[in-house]
Each structure stands twice: as structure tokens, then as C-alpha cells.
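Chain by chain, the residues run as shown.
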Amino acid sequence: MSFTSKYISQAGIIAALYAVMTIILAPISYGPLQVRVSEALTVLPYLTPAAIPGLFLGCLLANIYGGLGLYDIIGGSLITLLAAFFTYLLSRIKRPVLAPLPPIFLNAFGVSLYLHFLFKMPYWLTVVYVGMGEIVACYFLGYPLLKIILTRKRWKEYF
Amino acid sequence: MSIYQDLTIGQYQAQDSIVHRFDPRIKLFFVLVMVIFVALAVNIRLYLLWFFLLLGLFLLTKISLSILLRSLKAFILFFLFIFLLQVFLTSESFGTYFYLGYFQIGTKGIENGIIYSLRLLLFILGATFLSLTTSATELLDGVLKLSSPLKKLKVPTEELSLMSTISIRFIPLLLEEGVNLKKAQMARGADFEGSFIQRIKKTSPLLIPLFISSFRKADDLAVALEARGFQSGKKRSSYQRLQLKWMDFIMAGIIILFSFVSVLLIL
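The model shown is predicted, which means the values in this text are computed figures rather than measured ones.

*Asks:* Help me out: how do you make sense of the overall build of chain B in this one?
*Replies:* Looking only at helices and strands, one finds 12 helices and two strands in chain B. Expected size for 267 residues packed as a compact globule is a radius of gyration near 18 Å; at 24 Å, chain B overshoots this value by more than 25%. Dimensions of chain B, computed from the C-alpha atoms along their principal axes, are close to 70 × 55 × 40 Å. For chain B, buried positions account for 46% of its 267 residues. Partitioning the intrachain contacts of chain B with sequence separation of at least 6 by distance along the chain shows that 75% fall at a separation of at least 24. Of the roughly 15,100 Å² of accessible surface on chain B, 66% is carried by carbon and sulfur atoms.

*Asks:* Please clarify how the overall build of chain A should be interpreted in this entry.
*Replies:* Of regular secondary structure, chain A possesses seven helices and zero strands. Here chain A, with 159 residues, has 65% of them falling under the buried criterion. Carbon together with sulfur atoms contributes 71% to the accessible area of chain A, which is approximately 6,100 Å² in total.

*Asks:* What is the right way to look at the interface of chain A and chain B in this model?
*Replies:* Often the size quoted for an interface is simply the accessible area lost on bringing the parts together. In this assembly, 56 residues from chain A lie in contact with 62 residues from chain B. Where chain A abuts chain B, roughly 5,600 Å² becomes buried across the two surfaces, and 83% of that area is made up of carbon and sulfur atoms. Our count for the contact surface shared by chain A and chain B stands at one salt bridge. The closest approach of N and O atoms between D219 of chain B and K6 of chain A, which form a salt bridge, is 3.8 Å. On inspection of chain A and its partner chain B, the count reaches three residue pairs in polar contact (both at pLDDT 80 or more). Counting residues per element, the side of chain A that touches chain B draws most heavily on helix 1 (residues 5-24) of chain A, which supplies 18 residues. Broken down by class, the residue content of the side of chain A that touches chain B amounts to 45 nonpolar, nine polar and two charged.

*Asks:* Which parts of the structure should I look at to understand unusual backbone geometry?
*Replies:* Where the residue is not glycine, phi is negative for most of them; where a peptide bond is considered, it is trans in most cases. The phi dihedral of K62 of chain B is positive, around 65°, even though this residue is not glycine. Note on placement: K62 of chain B falls in the loop between helix 4 (44-60) and helix 5 (65-73).

*Asks:* Whenever I open this one, the nonpolar core confuses me. Can you help?
*Replies:* Inside soluble globular proteins, nonpolar side chains tend to come together where they are buried. Core analysis: the largest hydrophobic core is formed by 123 residues, its most contacted members being F30 and W50 of chain B. Once you skip the residues sitting within four places of it in the chain, F30 of chain B turns out to touch W50, L53, L54, L57, F129, M251 and I255 of chain B.

*Asks:* Would you explain the environment of V261 of chain B in this entry?
*Replies:* Relative to the helices and strands, V261 of chain B resides in helix 12 (residues 246-266). The spatial distance from the C-alpha of V261 of chain B to the C-alpha of L46 of chain B is 8.5 Å, given a sequence separation of 215 residues.

*Asks:* Explain the packing of helix 1 of chain A against helix 11 (residues 204-227) of chain B to me, please; I cannot follow it from the model alone.
*Replies:* Two quantities define a packed helix pair, namely the angle between the axes and the distance from one axis to the other. Between helix 1 of chain A and helix 11 of chain B, whose axes approach to 8 Å, the crossing angle comes to 145°. Like other packed secondary-structure pairs, helix 1 of chain A and helix 11 of chain B cross with a definite hand, here right-handed. Here S5, K6, S9, Q10, I13, I14, L17 and M21 of chain A of helix 1 of chain A come into contact with helix 11 of chain B, specifically with L207, L210, F211, S214, F215, K217, A218, D219, L221, A222, L225 and E226 of chain B. A per-class count over the contact of helix 1 of chain A with helix 11 of chain B returns 12 nonpolar, four polar and four charged.

*Asks:* Would you explain helix 5 (residues 101-119) of chain A in this entry?
*Replies:* Since one α-helical turn is 3.6 residues long, residues separated by three or four positions face the same way. All names here are of chain A. A rise of 1.5 Å per residue sets the reference length of helix 5, with its 19 residues, at 27 Å; its end C-alpha atoms lie 27 Å apart and thus fit the reference within 8%. N107 marks where helix 5 bends most, by close to 25°. Here helix 5 has its buried residues at P102, P103, I104, N107, A108, G110, V111, S112, Y114, L115, L118 and F119. At the C-terminal side of helix 5, K120 shows a positive phi close to 50°.

*Asks:* Mind showing me how you'd approach the pattern of salt bridges here?
*Replies:* Opposite charge on two side chains lets them pair, provided their charged atoms get close. Residue and element names in this part refer to chain B. For the coordinates displayed, the defined rule picks out four salt bridges over all chains. Put simply, R21 and D16 hold a salt bridge, and the shortest N to O gap is 2.7 Å. On the basis of relative accessibility, which here comes to 43%, the residue R21 falls in the partly exposed class. Salt-bridge contacts for D23 lead to R25; the nearest nitrogen and oxygen are separated by 3.1 Å. Residue D23 is classed as buried on the basis of its relative accessible area of 2%.

Rules used in this analysis
Residues numbered from 1 in each chain as written. Chains lettered and ligands numbered in written order. Predicted model: local features only at pLDDT ≥ 70, side-chain atom pairs only at ≥ 80, totals over all residues. Heavy atoms only, no water. Helix = DSSP H or I, 4+ residues; strand = E, 2+ residues; numbered from the N terminus. Rg over C-alpha atoms; globule rule 2.2 N^0.38 Å. Buried < 20%, exposed > 50% of the residue type's maximum accessible area, 1.4 Å probe, protein only. Contact = heavy atoms within 4.5 Å. Areas by Shrake-Rupley, 256 points an atom, 1.4 Å probe, with all protein chains shown as cover. Buried area = accessible area lost by both parts, 1.4 Å probe. Salt bridge = Lys/Arg side-chain N within 4 Å of Asp/Glu carboxyl O. Polar contact = N/O pair within 3.5 Å; in protein donor to acceptor, adjacent residues only side chain to side chain. Nonpolar A, V, L, I, M, F, W, Y, C, P; charged D, E, K, R; others polar. Core = buried A, V, L, I, M, F, W, Y, C linked by side-chain atoms within 4.5 Å. Axes fitted to C-alpha atoms, helices over the stretch in contact; angles between N-to-C directions. Left-handed = near helix turned anticlockwise from the far one by under 90°. Expected span 1.5 Å × (residues − 1). Bend = angle between axes of the 7 residues up to and from the residue.

Quick look at the structure:
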């Protein structure tokens, strides 16, 4: 498989953006009661496939920095990868409003699953908490961001 | 400078210690083995065993323990949450217990609370140990070497490594830009205060310019890559190669010994 230089540099920079946003807002970015503002970036695969590896690596870096260690590093990052891939697939149906759905659902149900098994946290309660955090990040921030970018012709050239 | 000091990724502490000189693959292997044992077993003696090994390694790093405690501080609420959940929600069938309103509180709940908090502590300490003693580049190098068998499954490990190097390089730049943008927007009268939801919504005047300038940077970077003759899919060499030294083998021996003792403890 070969990639263009643009794909690689975009992916690298999206990863950096994700990590920076998670780390700046560290106190609310980790743990069960988290609102990861950086999850707003999960709408990006709607614009460019480079965001799929970008978000994966960004999540990996952010979780190496903080988080629950190996579980978050592997589990959390793989969930992000999968969600990014689904968002990318959704971009074919031209409905930006659907773009934040995969990260919300996959994180709410997936992250809660390993939190439940490792720390015996009540599953449905955790689903609600994680899901709410994701909804706030994705629909209050990510979706408006996506809509703004889609309406600006000059910005669309970057993708 | 002081703004960024707490924010550097990986919180790597450069020191000249034996632990810093270990091969990153060995350190990754250690954390991996520890996490697997800790996740599989609910056994307080096993947790303490690995805890003391971790503590011993920390003492060898010459890094002050206050740095360690600082990184744990962010998780205090999480610890409390897990501990109290166990204390309140474990139902006792034996042992001593009493009722506090609707909840049953007893020795079993407290014991579970300690066990699950200890498990969380070990997970966090493992990751902190890695990031304090291994620079991000070394760590990535190690991860990629360990994941090279994935290349057979058509996973583009080399491209992923280049992407991660780019992102590590750009993290401090973007941090600086974020801080500058915040100041610029505040000078124009932006206000980042308000309720929780409001504050999240108000990050967009910060986010959008940061976003656009990042993509502009990515465009420039792509041109720079092309200009230097970058081609994806070609075999690349690296300036620093990882090589196992004798102390890495000793550490591997210690890990295997501890794993053996852990298996005995589980049985």
C-alpha cells in the first residue's frame, strides 16, 4: 500500500491536534466522567480519509500520556480507529449530521465494556456517562465545526 | 516557557540511569506482562508483588517520587469513585457488615475497594513508568519493532511510524499556537468563561483557526516531503538502531521470574 505525502502529513497533524487538545484539557479528558473536547475531531473522517490513521495515532499518544495504561492505549485507540472508519463510510451518504454517531455509540458501549470488566463499574451507568460526554463533544462542538468547514469554499481546498 | 512545562507529551524525564538505558522493547514487555497478570487475577498478593517490582525500578530511575505523585493526582476522583462503588455496592454474604441506610457496608466491600483501586494504581503506574523513562521517539520505535510482524498482514507500519514522528514533532508547535490564539481572541474581546456547556461551546473560536492553520501546515509539509524525494512504500533505514544489551537480558530474566511467581500465586 502506498500513500501520498499529503495523506501522511495530514494524518500526522490530525494526530498532533487530537493529542494537544486532550492534554491541554487533561483534568476532564480522562476517567469515566470525561468530556474529551478532542473527540470533536472525530467528525474529520467525513472530510478526509487521512483522519482515520490520524485519530488513531492521536488517541494512542494521548492515552500513552494519561489514562488507564495499556487498556486505554489498545482498547480506546482501536475503538477510535473503528469509529473513524465508520464515519468515513458515512461520508458517502451526504448527511453531515450523522458523522458524530459512530464515535458516540462505539465509545459509549465499547469503553464501558472494559471499564465494567476491569473495575466492576455498573455497565449501563457507565454507558450513560461516557455517552453523554461524547454527545457534548461531538454534537456541541464537532458537528458545528464540520458545518462551518463545509460552508467555506476556501477551507475545503485543504482536504 | 512555564505554561508548557506540565504539558510536554510523555512527561519524559531525561536522567542517566540504568532504567533509562533499558531497551524500550524490554520496558514495553514488562508493562505488558504486568498488565496482563493484574487484569487476569484478582489477588492482592500478586498486585503487591508487581507493585514492589515497579517501585524498585522507580527508585533506580533517580526520578523524584513527587513527580510520580503529581501524575497520580489527576486520577484521585477516579480512585475514589471505584473505591466507593465497591464499598457501597458489594453485597455481603459473610464477614462483618452493617447497614448505612439502604446500603450494606462491610469488610468484603472494603476489601474489593482496595483490590480494584490497587489494580487501577498498577495500570496507571505502568503507563507512567513507561512515559517517564522512555522518550516518545524511543517508545514509538519500540512499538513499531514489536509490531513489525503486522507488516505481513499489510498493516503499513512504516507509514504509521512516519505519521507518529510528524505528530510528535508538531505537538509543541500546535500547543504554542493554541496559547497564542487564545491570547489573540481574548484581545479581541473573546470570553472563555461560563457554565460547563457554554465553555465547551466557546472553544470554537479557538478551535477553528487552530484547525485551519494546522491544515495549512500539513499542506506545506506535504510539499516539503515531496521536495525531499519522499516515496511511500519504500524500505527506510534509521539513524539509531535498537540493540539488546546484557542488562536487557537480565531484566527479561527478572520479568520471567516474577511471571513464574505470579502463576504460582494464582494457582
